[in-house]
Amino acid sequence: MRVVTTAQPLDVQPTPLALLLLGREADPKSERGVECPGDLPSPSDPDLVARARAAKEKLGDKVFILGHHYQRDEVIEFADVTGDSFKLAKDAAAKPEAEYIVFCGVHFMAESADILTSDDQKVVLPDLAAGCSMADMATAEQVAECWDVLTEAGVADVTVPVSYMNSSADIKAFTGKHGGTICTSSNAERALEWAFRQGEKILFLPDQHLGRNTAVRDMGMSLDDCVLYNPHKPNGGLTVEQLRNAKMILWRGHCSVHGRFSVDSVNDVRARIPGVNVLVHPECKHEVVAAADYVGSTEYIIKVLEAAPAGSKWAIGTELNLVRRLANRFAAQDKEVVFLDKTVCFCSTMNRIDLPHLVWTLESLAEGNLVNEIRVDKETESFAKLALERMLALP
């Protein structure tokens, strides 16, 4: 056997991204977050539920817990309200008496809550490493460079930015500063209609699939009306002619969960379950949306299932925690709900919020220790709030 040895150890240095994903180092502008200080309770602690209840009871009206639909059941159990990201941010703003807003979601959601709540309220994220890979696909520096490209092409003056709620506060601020608006998956069509009344083109950030599906499926545009801007290529990988001819300039971003679903997933579930209805989120790829029977936001998905007749069968293309919760909820009504894909697909960053992190957060607050506060600086908050207010004013 041949053994290879080296006189000196290999000088292998982990990249900043690798350190970040391992919970080491820090990047305050990244959705991946940073390390969580303090000692977490053990996940095997049999008293976790009792500890969470005791800490929440001690805090009383001082705390308001928000739970996103994609959170684990063990976390949702302690949420005062559940919903999608924007609904929860609005719920927080409507609770001015709560000193602490504990947001069980991801970083950009907590930022939005901080923007919409009063200065006296403290927004807390139980694990600062709970970020969003989609939001991370568009940085403030990249978007500023994109705007320079549009300016050089002579189209910036007729382009209106529309940013998905799933974006950082910096991107929301850019949007507000340049006359644009925010949208959710449920009001994206209204946001695009508004934007086209303001200009000739839209820069849609950061989810290409929601932008494309809304423009083509809902508004009747063609795929040729859309171009894909890749921030990792010179000039976004586009020519001046392409930028001038396009109606929709889509940012090259996507959701790592919804991007997994394929047409094969749809065909397979139809073959396995005769008569099944396929219901997917608009963050899915265009070909998946085209192959589905129903398309809509998480709130839409829930409402469709609530209205569905007994005995109906549904394959859902969205995050697994929500699908599993819906399957359990509607089984008693003789509605069969299955996950669209055969592969288990949780949102890994959303799942970082677990019961040990929630217990640690609540107990720290109950002891008077403010932890993991999410605070958006005043200038960023001002422009981001302007973009959010434009969305709130949509007809």
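Preceding this section is the structure that the text describes.
Anyway, here's the lowdown on the structure attached to this text. On a predicted model such as this, the values are computed, not experimentally measured, just so you know.

Considering the overall build of the chain
What the chain contains, in helices and strands, is 17 helices and 13 strands. Sequence separation of at least 24 residues holds for 67% of the intrachain contacts in the chain that already meet a minimum separation of 6. Accessible area of the chain: about 17,700 Å², with a carbon and sulfur share of 49%.

Section: helix H5 (residues 107–116)
Side chains of residues three or four places apart in an α-helix project in the same direction, reflecting 3.6 residues per turn. Burial within H5 is extensive, with 10 of its 10 residues counted as buried. Within H5 the residues assigned to the buried category are His107, Phe108, Met109, Ala110, Glu111, Ser112, Ala113, Asp114, Ile115 and Leu116.

What about the packing of helix H4 (residues 85–93) against H5?
Relative orientation of the contacting elements H4 and H5 amounts to 35°, with a least axis distance of 8 Å. Once H4 is placed against H5, the crossing between them reads as right-handed. Taking contact as the criterion, the partners of Ser85, Phe86, Ala89, Ala92 and Ala93 in H4 are, on H5, Phe108, Met109, Ser112, Ala113 and Leu116.

What to know about the sheet that holds strand S11 (residues 294–295)
Spatially, S11-S10-S12-S13 is the arrangement adopted by the four strands of the open sheet, whose pairing is parallel. For this open sheet the edge positions go to S11 and strand S13 (336–339), each flanked by a neighbour on one side alone. Looking at chain direction, strand S10 (residues 277–280) and strand S12 (residues 313–317) are connected through four bridges and run parallel. Bridged to Asn277 within S12 is Trp314. Strand contacts of helix H14 (residues 298–307): S10, S11, S12 and S13, with the helix running at about 155° to S10, the strand carrying the most contacts. Each of S12 and S13 is contacted by helix H15 (residues 320–331), which is oriented at about 165° to S13, the strand it contacts most.

Description of the environment of Thr298
Here Thr298 lies in helix H14. When the C-alpha positions of Thr298 and Gly83 are compared, they lie 8.2 Å apart, and in sequence the two are 215 residues distant. The contact partners of Thr298, leaving out residues within four places of it in the chain, are His69, Tyr70, Asp84, His281, Thr318 and Leu322.

Here we look at the pattern of salt bridges
Oppositely charged side chains can form a pair if their charged atoms are brought close together. Per the stated rule, a full pass over the model turns up 17 salt bridges. The closest approach of N and O atoms between Glu99 and Lys62, which form a salt bridge, is 3.8 Å. In this pair, Glu99 is assigned in the loop between H4 and strand S3 (100–104) and Lys62 in the loop between helix H2 (48–59) and strand S1 (63–68), connecting sequence segments 37 residues apart. In this structure, the salt-bridge partner of Lys95 is Glu97, at a minimum N-O distance of 3.4 Å.

Overview of the nonpolar core
Formed by 107 residues in total, the largest nonpolar core has its most connected members in Val102, Phe204, Met248, Val280 and Leu305. Leaving out residues up to four positions away in the same chain, Phe204 has contacts with Val162, Cys183, Leu192, Leu210, Gly211, Met248, Ile249, Leu250 and Trp251. Grouped together as the second largest cluster of nonpolar side chains are 20 residues, Leu150, Phe174, Val227 and Trp251 included.

Quick word on the packing of aromatic side chains
Counted according to the given criterion, the structure contains four aromatic pairs. Between Tyr229 and Trp251, the ring centres sit 5.3 Å apart and the planes meet at 25°, which makes this aromatic pair stacked. In this pair, Tyr229 is assigned in strand S8 (residues 226–229) and Trp251 in strand S9 (residues 248–251), connecting sequence segments 22 residues apart. The burial state of Tyr229 is the same as that of Trp251; both residues are buried.

Section: the sheet that holds strand S7 (residues 201–205)
Within the open sheet, the five strands sit side by side as S6-S5-S7-S9-S8. Their pairing is parallel. The outermost strands of the open sheet, each flanked by one partner alone, are strand S6 (181–183) and S8. The sheet shows a mean angle of 25° between the axes of neighbouring strands, direction not considered. Note that S7 and S9 share three bridges and pair parallel. Note that in S9 the partner of Phe204 across the bridge is Leu250.

Considering unusual backbone geometry
In the segment running from Leu205 into Pro206, the intervening peptide bond is cis, with an omega of -20°. Residue position: Pro206 is located in the loop between S7 and helix H10 (208–218). Residue Asn235 is not a glycine yet carries a positive backbone phi of 55°. For Asn235, the location among the structural elements is in the loop between S8 and helix H11 (240–245). Even without being glycine, Asp334 reaches a positive phi, approximately 60°. Relative to the elements of secondary structure, Asp334 occurs in the loop between H15 and S13.

Rules used in this analysis
- Residues numbered from 1 in each chain as written.
- Predicted model: local features only at pLDDT ≥ 70, side-chain atom pairs only at ≥ 80, totals over all residues.
- Heavy atoms only, no water.
- Helix = DSSP H or I, 4+ residues; strand = E, 2+ residues; numbered from the N terminus.
- Contact = heavy atoms within 4.5 Å.
- Areas by Shrake-Rupley, 256 points an atom, 1.4 Å probe, with all protein chains shown as cover.
- Buried < 20%, exposed > 50% of the residue type's maximum accessible area, 1.4 Å probe, protein only.
- Axes fitted to C-alpha atoms, helices over the stretch in contact; angles between N-to-C directions.
- Left-handed = near helix turned anticlockwise from the far one by under 90°.
- Pairing = 2+ DSSP bridges.
- Salt bridge = Lys/Arg side-chain N within 4 Å of Asp/Glu carboxyl O.
- Core = buried A, V, L, I, M, F, W, Y, C linked by side-chain atoms within 4.5 Å.
- Phe/Tyr/Trp six-rings, centres within 6.5 Å; stacked < 30°, edge-to-face > 60°.

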